[in-house]
Amino acid sequence: KVSRNVYNSALAGKILPFLSKFSITSSSAKRILPELKKNVDFEDIFIIMALGWLTVPAVRLPYNIFVRSSKKPDSKDFGDSYLYQFSFHLSHVAKLALIVYVIDCVVIILKTIGFRIAPHMSVTSAKIIYSTWFAYRIKTLKHYLIRNALSTHAEKTGQAKVLDHLLNGILFACLNLFVLDALSVEMGFALTSVIAVGSTATLIFSLASKDVAAKVMNGLELALSDKMYEGDNVKFGDGTSGTILNFGWLETQIRCSNELIVSIPNTQLASQRIYNVSRIKKCQVTQTLRFHYEDVDKLPKVLEDIKIEVRSSCPSVITDGTRAFRAHWRDFRDDYLEVVVDFHFNIKPTGDMYWENRQRVLMAINHAVRKNDVQFYTTKGTFISIVEEDK
């Protein structure tokens, strides 16, 4: 025999002995079968499989015969009934039980062929499997309740998404703590070391990422403040404007009118003025026009005709006195007469409807001016400005 020096190696000399444990010889097979027969009850497996794969069909058949065939006006489809939910969840529990049963068998086999297995491996596996499934069912129920709440409060979509994400984080944090606790109690896992490492990492992270935390908090504040949602057309105080594509934890993405996508840190957005154009119900079209001094006597008729043309061309124009409906001669200038027209409409200041209405206003003004045989003063151009107002 060749003597070998024994070292505390990581892999040297350990791979082949480990793999050799998986070789099942005739003697080990003789040991495995009695152990399985002693611990496994095939009647149990049959009951579990029947519950897992036959529960839903077995409940659906009498439901369709006795409930759906009655043709009652308040009868629901089986998929929308409480019976379906009960049978569906019962079948899921049975299928998970079959997985746990298989794990029990694997543990028995591994122990028989020489592996050292934690004493409560099967129990711990069952706890982790069922707790994970329960957490995902809670997540589904939460999503269902939030969706039903949005059916009557559609304007709260942005806040609902933030609430959904926060509850997901709390739910899975609780799941992780439960799993770690199960590993610690049942298998002797060193949870205290994990907590110590986690506390140290948290301290380092908090010191190194103060700006990241500020961005996250500003993002939550924006989402919960109800100022804007994903899909809204907004304009910020620094001149940036576009459509909100995504509210991130650290930054917000905006698609500009030229199709460029801009990512803005939430810390910058939190300190700016926000103009949410999508929530404005009315718009304003105002123009500053210039006319020649030779047409000074025609201006009163021109201004009156402009109002008439705009009123007849734009059905959404507001003329009840709640908003301005003006066409006024405003001032004498060195080379021209200055006229300002100001009209308001029951149209949102975005989209094709707005731009088509604006075009009708321009055409109405031009038609009124041409009808009175008046020319614009165009030496320095015509100034046109569009201003949106809140409802």
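See the structure shown above.
Residues numbered from 1 in each chain as written. Predicted model: local features only at pLDDT ≥ 70, side-chain atom pairs only at ≥ 80, totals over all residues. Heavy atoms only, no water.

Once that is clear, we can look at helix H3 (residues 42–66). With 25 residues, H3 should reach 36 Å at 1.5 Å per residue; the first-to-last C-alpha distance of 34 Å fits that figure. Where H3 is buried, its residues touch helix H4 (82–112). Of the residues that open H3, the one with a side-chain oxygen 3.1 Å from the backbone nitrogen of Glu43 is Asp41. (Helix = DSSP H or I, 4+ residues; strand = E, 2+ residues; numbered from the N terminus. Expected span 1.5 Å × (residues − 1). Contact = heavy atoms within 4.5 Å. Polar contact = N/O pair within 3.5 Å; in protein donor to acceptor, adjacent residues only side chain to side chain.)

The next thing to look at is the sheet that holds strand S3 (residues 251–255). Within a beta sheet, neighbouring strands are joined by backbone hydrogen bonds and run either parallel or antiparallel to one another. Spatial ordering of the open sheet is given by S4-S3-S2-S1-S5, a layout of 5 strands whose pairing is antiparallel. Edge positions in the sheet fall to strand S4 (261–265) and strand S5 (274–276), since each of these pairs with one other strand and no more. The mean angle between the axes of side-by-side strands here comes to 40 degrees, regardless of whether they run parallel or antiparallel. Relative to S5, strand S1 (residues 233–236) is paired through 3 bridges, and the arrangement is antiparallel. Paired with Val234 across the two strands is Asn276, which belongs to S5. (Pairing = 2+ DSSP bridges. Axes fitted to C-alpha atoms, helices over the stretch in contact; angles between N-to-C directions.)

Attention now moves to the pattern of salt bridges. Note on pairing: side chains with opposite charge can pair once their charged atoms come close. Summed over the entire model, instances satisfying the criterion amount to 9 salt bridges. Among the ionic pairs, Glu338 bridges to Arg333, the shortest N-O distance being 3.4 Å. The class for Glu338 is buried, based on a relative accessible area of 12%. Since its relative accessible area comes to 34%, Arg333 is described here as partly exposed. A network of salt bridges, in which partner residues are shared, links Lys301, Asp305, Glu309 and Lys371. (Salt bridge = Lys/Arg side-chain N within 4 Å of Asp/Glu carboxyl O. Buried < 20%, exposed > 50% of the residue type's maximum accessible area, 1.4 Å probe, protein only.)

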